[in-house]
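As a plain string of letters, each chain reads:
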Amino acid sequence: MMKEQVEVEEEPKIMGVSEDQYADSSDSDDGVNEFKAVFKKYKKRRPAPDFSGVIDVKTSPLLQSRLVFTEEIPTEKIDLAEKLGLIHPSEWRVYSFPDRVGLYLLPGLLKKENATVWLKRAFKYANPPNITNLTLHGKDVQSDPSLLQKALRWTTLGVEYDWNTKQYPPNGRPVPEELYQLGNLISNSLKLGDMRPDATILNYYPPKSALSPHVDKSERSNAPLISMSLGQTAVYLSGALSLSEPPIPLWLRNGDFLIMHGEQRLVYHAIPCIGPAVKREHFERDEEDPMISDYLNCSRINFTIRQVNPF
Ligand SMILES: O=C(O)CCC(=O)C(=O)O
Ligand SMILES: [Fe+2]
């Protein structure tokens, strides 16, 4: 099967950009690849695909939702949510999906005005000694900040995933406290267990980039995978255990949290498209640091908070 190519306009002169890290991970599946057909449909830019079938949880009449907290909320939780930049826990609403037991979407959990804080963290995490897609090429964003906008594609934190062996090493440095707290707070609030995050992968999506179909199966614990989206809106494809099943397309917006747990932990998923041409999300110009608002106005970042090792 052909290798999937991710097209990026004005391709920077560094590898790791024209292709995403999962580009060939769905090629081994035999038989009809219904997933890839849908992925290609939404990835195509000219003519623009019909996005009317992409599910918007807030307006879909078919989806069930509930408030996360129906009883009194402990003060520590309220304070922690505030510290992490989230909306008040009494407003947290979780959506679930038919045939997707263990998949949860909590829209707009991060306050919009706090996107900037988290974007700055996402750039800070890309500094050495943390590993990024640039590390292998002897480059880093500290010595060349111009790489932030288009060349930076991923950063691994904590127990750092190795894309070549597709394995995690036994241990790593602890993840930054705010990521640990975020993962733990969400898992605990949804009653999915006392998660102790020890790894995070950040995916940076420059304009017109994508993430090919893949499964996250190298973690050694059953903890949920907690993802937070920042910046431009994406189409997220949620599939099944096999690529022969067609995925459902969902909008993922700035501040949304998506959680994969239980039987949903090992399903195929992908991001075929992002960006203002797909569905524009506007951020006010940051006068002090225009690069930050420029980034949010054309790119996307996703943090996946994980627990690799069991307790
Ligand atoms: O960008 C996303 O929403 C998904 C990221 C993802 O699937 C991953 O990091 O494994
Ligand atoms: Fe993934």
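Being a predicted model, the structure only gives us computed values, none of them experimental.

**Student:** What is the right way to look at the sheet that holds strand β5 (residues 154-158) in this model?
**Tutor:** Sheet strands associate in pairs through backbone hydrogen bonding, adopting either a parallel or an antiparallel arrangement. Spatial ordering of the open sheet is given by β1-β2-β3-β11-β8-β13-β6-β5-β4, a layout of nine strands whose pairing is antiparallel. The sheet is open, and its two borders are formed by β1 (64-67) and β4 (131-132), each paired with just one other strand. Two strands pair when backbone bridges link them, and strand β3 (residues 103-106) and strand β11 (residues 257-260) are joined in this way by four bridges, in the antiparallel orientation. Bridge assignment links Tyr104 to a residue of β11, and that residue is Ile259. Seen against the sheet, helix α3 (residues 115-124) touches β6 (199-205), β8 (225-231) and β13 (300-306) and runs at an angle of roughly 110° to β8.

**Student:** What's the story with the sheet that holds strand β9 (residues 234-238) in this structure? I'm lost.
**Tutor:** Strand order across the open sheet formed by four strands is β7-β12-β9-β10, with antiparallel pairing between neighbours. The open sheet is flanked by β7 (211-214) and β10 (248-252), the only strands paired with a single partner. Ignoring which end each strand starts from, the neighbouring axes of this sheet average 25° apart. Those strands touched by helix α1 (residues 34-43) are β7, β9, β10 and β12 (269-274), and its axis lies near 15° from that of β12.

**Student:** Just to check I follow, could you spell out the site of ligand 1 for this structure?
**Tutor:** In the vicinity of ligand 1, the residues found are Ile201, Asn203, Leu211, Asp216, Ser227, Ser229, Tyr236, Leu252, His269, Ile271, Asn302 and Thr304. Every element with two or more residues in the shell around ligand 1 is listed here: β6, β8, β12 and β13.

**Student:** Help me understand the confidence of the model for the chain in this model?
**Tutor:** Predicted coordinates in regions of low pLDDT should not be interpreted in detail. Looking at the chain as a whole, the pLDDT averages 92, with 92% of positions reaching at least 70. Note on residues 1-13: pLDDT is under 50 here. Beyond four places in sequence and across chains, it has 26 contacts. Predicted as a complex, the structure gets a pTM of 0.92 and an ipTM equal to 0.99.

**Student:** Help me out: how do you make sense of the UniProt feature "binding site: Fe cation" (unreviewed entry) in the chain in this one?
**Tutor:** As recorded in UniProt, the sites labelled "binding site: Fe cation" (unreviewed entry) are His214, Asp216 and His269. These annotated residues cover 56 residues of sequence, but their C-alpha atoms sit close together, with the largest distance between any two at 9.0 Å. Summarising the element assignment, His214 is placed in strand β7. Judged by C-beta crowding, with 18 C-beta atoms within 10 Å, His214 ranks as partly exposed. You can see His269 is positioned in strand β12. C-beta crowding within 10 Å serves as the criterion here: with 24 such atoms nearby, His269 is assigned to the buried category. Ignoring any residue separated from it by four or fewer positions in sequence, one finds His269 in contact with Tyr236, Leu237, Ser238 and Gly239.

**Student:** Help me understand helix α5 (residues 177-189), please; the structure alone is not making it clear to me.
**Tutor:** For an α-helix, 3.6 residues make a turn, and residues three or four places apart therefore share a direction. For α5, spanning 13 residues, the distance from its first C-alpha to its last is 18 Å, which sits close to the expected 18 Å at 1.5 Å a residue. Turning to α5, its buried residues are Leu179, Leu182, Gly183, Asn184, Leu185, Ile186 and Ser187. For α5, the elements touching its buried residues are α2 (75-83), β6, β8, β11 and β13. Trailing α5 by a residue or two, Lys191 shows a phi angle of about 60°, which is positive.

About the criteria used
- Residues numbered from 1 in each chain as written.
- Chains lettered and ligands numbered in written order.
- Predicted model: local features only at pLDDT ≥ 70, side-chain atom pairs only at ≥ 80, totals over all residues.
- Pairing = 2+ DSSP bridges.
- Helix = DSSP H or I, 4+ residues; strand = E, 2+ residues; numbered from the N terminus.
- Contact = placed C-beta atoms within 7 Å.
- Axes fitted to C-alpha atoms, helices over the stretch in contact; angles between N-to-C directions.
- Near = placed C-beta within 6 Å.
- pLDDT = per-residue confidence, 0-100.
- UniProt positions renumbered as here; feature names shortened; annotations may be inferred.
- Buried ≥ 20, exposed ≤ 12 C-beta atoms within 10 Å, placed from the backbone.
- Expected span 1.5 Å × (residues − 1).

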